[in-house]
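# Chain and residue survey
Here's the letter readout for the chains.
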Amino acid sequence: MPIEIPEFSSLNILSYPNPVLRQNSELITDITPQIIALSEHMADMMEQSLGIGLAAPQIGLSIRMIVISLSGKAEHAAAFINPVLSNLEGETDGEEGCLSVPGVRANVKRYSTCTVTATNIHGKEFSLDADELLSIALQHETDHLEGKLFIDKISSVSKLVYRRALKKLEADYKNNK
Ligand code: ZN
């Protein structure tokens with residue numbers, strides 16, 4: 001069943017604890033002009049929100065597409081459709097934030113390198129070896145496709161530090177529902 005994509009103007013970045021952020025996303029079976037346009041729109045939303053990556057579930061669509069631009073510029077963004085990570089190796093530790101968890105930045109343990117295999121917007125499968133920030137961004141964004149957030153991976157000390165910010169987001173969500 002192809003997923004219904006609403007008017008782009010109605011799309012917003014969802015915040016924790018919106019339950020859509022916890023869903024497992026579906027494979028994209030057809031790279032339609034709408035999916036291509038959506039990838040461009042996601043890159044624009046990412047740039048406007050000062051992010052370096054955005055996953056479709058963050059705008060309420062449970063489909064397996066992410067965009068990443070390490071410069072933060074939409075024009076440099078790459079779209080990864082149905083991305084799968086392999087060769088996860090090494091260990092690194094860096095500060096992360098997430099457009100869906102505003103106000104929280106915390107250190108997260110990640111693999112230092114990985115290989116991503118995905119389909120591009122032209123329908124072509126490609127593989128890319130990633131390290132450093134790109135590797136971290138790929139792990140962060142593909143986690144979104146499994147309903148995982150970086151705050152699931154932070155230490156209990158960081159959790160204490162950010163308890164108040166998370167409680168505030170939870171209260172905001174309740175009030176806006
Ligand atoms: Zn995120």
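We now turn to the structure provided with this report.

Definitions and limits used
- Residues take numbers from 1 onward in each chain, read along the sequence in its written order.
- Local features in this predicted model are restricted to residues whose pLDDT is 70 or higher, and side-chain atom pairs enter the listing and the counts only when it is 80 or higher, whereas totals over whole chains, interfaces and linings include all residues.
- Computation of side-chain values: all heavy atoms of the structure, hydrogens and water removed.
- Comment: elements are numbered from the N terminus, with helices defined as DSSP H or I runs of at least four residues and strands as E runs of at least two.
- As a reference, a globule follows 2.2 Å times the number of residues to the power 0.38, and the radius of gyration itself is taken over C-alpha atoms.
- Exposed residues in this analysis have more than 50% of their type's maximum accessible area, buried residues have under 20%, and partly exposed residues fall in between, with area computed by a 1.4 Å probe over protein chains only.
- Residue contacts follow a heavy-atom distance rule, with two residues in contact if any of their heavy atoms lie within 4.5 Å.
- For every accessible area listed, the method is Shrake-Rupley and the probe measures 1.4 Å; residues are considered covered only by the protein chains on display.
- Only when DSSP finds a minimum of two bridges between them are two strands counted as paired.
- To obtain an axis, a line is fitted to C-alpha atoms, over the contacting stretch when the element is a helix, and the angle between two such axes runs from 0 to 180 degrees between their N-to-C directions.
- Water is absent from the atoms considered, so a metal site may look incomplete; donors are defined as N, O and S atoms within 2.8 Å of the metal, or 3.2 Å for Na, K and Ca.

Let us look at the overall build of the chain. Within the chain one finds 3 helices and 7 strands. Seen in sequence order, the chain has helices and strands lined up from the N terminus as α-β-β-β-β-β-β-β-α-α. Its C-alpha atoms give the chain a radius of gyration of 16 Å, within 12% of the compact-globule value 16 Å for 177 residues. With the principal axes as the frame, the chain shows a C-alpha extent of 45 × 40 × 30 Å. Counting across all 177 residues of the chain, residues that qualify as buried make up 44%. The contacts of the chain with a sequence gap of at least 6 include a subset with a gap of at least 24, amounting to 65%. Counting only carbon and sulfur atoms, one obtains 50% of the accessible surface of the chain, whose full area is about 9,700 Å².

Taken in spatial order, the 5 strands of this open sheet run 1-2-3-6-7, and their pairing is antiparallel. Edge positions in the open sheet fall to strand 1 (53-55) and strand 7 (125-131), since each of these has one partner strand only. For this sheet the average axis-to-axis angle between neighbouring strands, irrespective of direction, equals 35 degrees. Bridge count for strand 2 (residues 65-68) against strand 3 (residues 78-89) is 4 bridges, and the pairing is antiparallel. Opposite I68, over in strand 3, you have A78 as the bridge partner. In the packing of helix 1 (residues 33-48) onto the sheet, contacts are made with strand 1, strand 2 and strand 3, and the angle to strand 2 comes to roughly 45 degrees. Most of the contacts of helix 2 (residues 132-145) go to strand 2, to which it runs at about 155 degrees, and overall it touches strand 1, strand 2, strand 3, strand 6 (113-119) and strand 7.

Around the zinc ion, the donor atoms from the protein are C98 (SG), H140 (NE2) and H144 (NE2), and they sit 2.0 to 2.3 Å away. Positions of the donor residues of the zinc ion, expressed as sequence spacing, correspond to C-x41-H-x3-H. Of the two residues, H140 and H144 are both situated in helix 2; the distance of 4 residues between them amounts to about one turn of the helix. When sorted by exposure, H140 lands in the same class as H144, which is buried.

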